[in-house]
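# Topology and contacts: notes
The primary structure of each chain is shown beneath.
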Amino acid sequence: MDRADYRSWQTRFENLRSNKVFELVVVAIIIFSALVVGAKTYEETTRFTRIMDVLDWAVTAFFVVEIAIRMLAEKRYRDFFKSGWNIFDFVIVVASLIPVDGGQSVLLARLLRVFRVLRLVSIVPELRVLMNAFLKALPRMGYVALFMFIIFYIYGAVGSFVFRDINPFYWENISIAMLTLFRIATFESWTSIMYETMEVYPLSWLYYVSFIFLSAFIFLNMMIGIVLETMQKESAAQELEDGEGEAADIHWMREQMAVMQQQLQDMHQHVVGQGKDKT
């Protein structure tokens, strides 16, 4: 195959890869594969084991063909692996090739097939934006989580020292007290714990209210704010990449203003140069 024929086939694969119908088919197959894996968890489907295995291998074969099409659509094969999402898809597809033969690899093979549903994240652009925002927000969320741990630790130590004799089940030591505080932070029957300590310490409600105010209101809103800020940045980056949306319009306006400014500078220099020549 000469270079022209190769380029022709590469263009065809590239058009197929970017085809919306092809993308919808891939999404449908991913959802279908998830349903097949989920159906295997029911005992009623054991009589259809053979059919389920055939469907599973058919889905795996489709994924192999689909990943091959995406690789052939690149001008160079190595360009395919420049994207982290492509590497993720490739690993998931290769892992799906592990046979379910009834040996020790059965559990591993089934677990890997469950993760095939994660390919929806790499296929659907909106899900990619959400995942990128989540990953980029993790470092900042980690600092908030560290601050929350400090608050939990302080309140846990205080609760263990003060309320241990009231109910050791909830306050025996700092680890159990922190677990109790986590239950309080999720609003799981926390009032019964509070009323129990209020029988001995009437003002103990201040302990619970202040902790809930910090954990459920301040820290939770800080987490939400970090995620929203990161999602806005990722959405703007996606709009800029696609050339659509407000971010793309602003970028285009800035480029046009930069061009106009450069033209004005060139005109100014030209006028100044003509003035010097006349003198």
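Residues numbered from 1 in each chain as written. Predicted model: local features only at pLDDT ≥ 70, side-chain atom pairs only at ≥ 80, totals over all residues. Heavy atoms only, no water.

## Details of the overall build of the chain
Test applied: Helix numbering and strand numbering both begin at the N terminus, where a helix is a DSSP run of H or I of at least 4 residues and a strand a DSSP run of E of at least 2. Note on definitions: a residue-residue contact is assigned when non-hydrogen atoms from the two residues lie within 4.5 Å. Each accessible area value is a Shrake-Rupley result obtained with a 1.4 Å probe; residue values ignore everything except the protein chains displayed when judging cover.
Per the secondary structure count, the chain includes 13 helices and 0 strands. Reading the secondary structure of the chain in the N-to-C direction produces α-α-α-α-α-α-α-α-α-α-α-α-α. The contacts in the chain between residues at least 6 apart in sequence include a share of 60% that link residues at least 24 apart. Surface accessibility of the chain: about 18700 Å² in total, with carbon and sulfur atoms responsible for 67%.

## Remarks on the pattern of salt bridges
Heads up, the condition is: Salt bridge, as used here: a side-chain nitrogen of Lys or Arg that lies within 4 Å of a carboxyl oxygen of Asp or Glu. For every residue, the accessible area obtained with a 1.4 Å probe (protein chains only) is divided by the maximum for its type, and the residue is called buried under 20%, exposed over 50%, and partly exposed between those limits.
A full pass over the atoms with the stated rule returns 8 salt bridges. Asp 89 is the salt-bridge partner of Arg 70, the closest N and O atoms lying 2.9 Å from each other. Highlighted residues: Arg 70 in helix 3 (residues 49-72) and Asp 89 in helix 5 (residues 84-95), separated in sequence by 19 residues. Measuring nitrogen to oxygen at the nearest pair gives 3.1 Å for the salt bridge that ties Arg 140 to Glu 229. Within this pair, whereas Arg 140 is found in helix 8 (residues 125-163), its partner Glu 229 is found in helix 12 (residues 205-242), the two being separated by 89 residues in sequence. Assessed through its relative accessible area of 31%, Glu 229 is described here as partly exposed.

## Some details on the side chain of Glu 66
Let me state the cut-off plainly: Within 3.5 Å is the distance limit for a polar contact, defined as a pair of N or O atoms, with the added protein rule that one can donate a hydrogen and the other accept it, and that residues adjacent in sequence qualify only through two side-chain atoms.
Here Glu 66 is to be found in helix 3. Only 2.7 Å separates the side chain of Glu 66 from the side chain of Arg 119, close enough to count as a polar contact.

## A closer look at the packing of helix 8 against helix 10 (residues 174-185)
Rule in force here: Every axis in this analysis is a line fitted to C-alpha atoms, fitted for helices over the stretch in contact. Angles between the N-to-C directions lie between 0 and 180 degrees. When describing relative orientation, an angle under 35 degrees is termed roughly parallel and one over 145 degrees roughly antiparallel, while 65 to 115 degrees is termed roughly perpendicular and anything else oblique. Helix crossings get a hand from a simple test, with the near helix turned counterclockwise from the far one by less than a right angle marking a left-handed crossing and a clockwise turn marking a right-handed one. Gly counts as polar in this scheme, as do all residues outside two lists: the nonpolar Ala, Val, Leu, Ile, Met, Phe, Trp, Tyr, Cys and Pro, and the charged Asp, Glu, Lys and Arg.
Interaxial distance between helix 8 and helix 10 falls to 8 Å at its minimum, and their mutual angle equals 115 degrees. The orientation of helix 8 relative to helix 10 falls into the category roughly perpendicular. Between helix 8 and helix 10 the crossing geometry is right-handed. On helix 10, the residues touching Phe 149, Phe 152, Tyr 153, Tyr 155, Gly 156, Ala 157 and Ser 160 of helix 8 are Ile 174, Ala 177, Met 178, Leu 181, Phe 182 and Ala 185. Its residues placed into classes, the contact of helix 8 with helix 10 shows 11 nonpolar, 2 polar and no charged.

## Quick word on the nonpolar core
Threshold: Remark: nonpolar core denotes a set of buried residues (Ala, Val, Leu, Ile, Met, Phe, Trp, Tyr, Cys) joined through side-chain atoms within 4.5 Å.
By size, the foremost hydrophobic cluster in this structure holds 26 residues, and its most contacted members are Phe 152, Trp 171, Leu 181, Ile 184, Tyr 207, Tyr 208 and Phe 211. For this core, the secondary-structure elements that each account for two or more residues are helix 8, helix 9 (168-171), helix 10, helix 11 (190-198) and helix 12. With 13 residues, the next largest nonpolar core counts Ile 69, Phe 80, Val 93 and Leu 120 among its residues.

## So, unusual backbone geometry
In the Ramachandran plot, Phe 187 falls in the positive-phi region, its phi being about 60 degrees despite a non-glycine side chain. Within the element layout of this structure, Phe 187 appears in the loop between helix 10 and helix 11. Residue classification places Phe 187 among the partly exposed positions, given a relative accessible area of 42%. For Ser 189, which is not glycine, the phi dihedral falls at a positive 50 degrees. Position of Ser 189 among the secondary structure elements: in the loop between helix 10 and helix 11.

## Structural notes on the packing of aromatic side chains
Put simply, the test is: Any pair of Phe, Tyr and Trp rings, taking the six-membered ring for Trp, is counted once the centres come within 6.5 Å. Such a pair is stacked with planes under 30 degrees apart, edge-to-face with planes over 60 apart, and tilted for the rest.
Counting across every chain of the model gives 17 aromatic pairs. When the centroid spacing of 6.1 Å and the interplanar angle of 10 degrees are considered together, the rings of Phe 163 and Tyr 208 count as stacked. Of this pair, Phe 163 sits in helix 8 while Tyr 208 sits in helix 12; the two residues are 45 residues apart in sequence, bridging distant segments of the chain. No difference in accessibility class separates Phe 163 from Tyr 208, as the two residues are buried.

## Comments concerning the confidence of the model for the chain
Rule in force here: pLDDT is a per-residue confidence score from the predictor, ranging from 0 to 100.
Per-residue confidence for the chain gives a mean pLDDT of 79; residues scoring 70 or more make up 79%. The least confident element of the chain, judged by mean pLDDT, is helix 13 (residues 245-278) at 61; the most confident is helix 10 at 93.

## Digging into the packing of helix 10 against helix 11
Following both chains from N to C, one finds helix 10 and helix 11 inclined at 125 degrees, their axes separated by 8 Å at the closest point. With respect to each other, helix 10 and helix 11 are oriented oblique. Across from Thr 180, Arg 183 and Ile 184 in helix 10, the residues of helix 11 making contact are Trp 190, Ser 192 and Ile 193. Of the residues contributing to the contact of helix 10 with helix 11, the split by class is 3 nonpolar, 2 polar and 1 charged.

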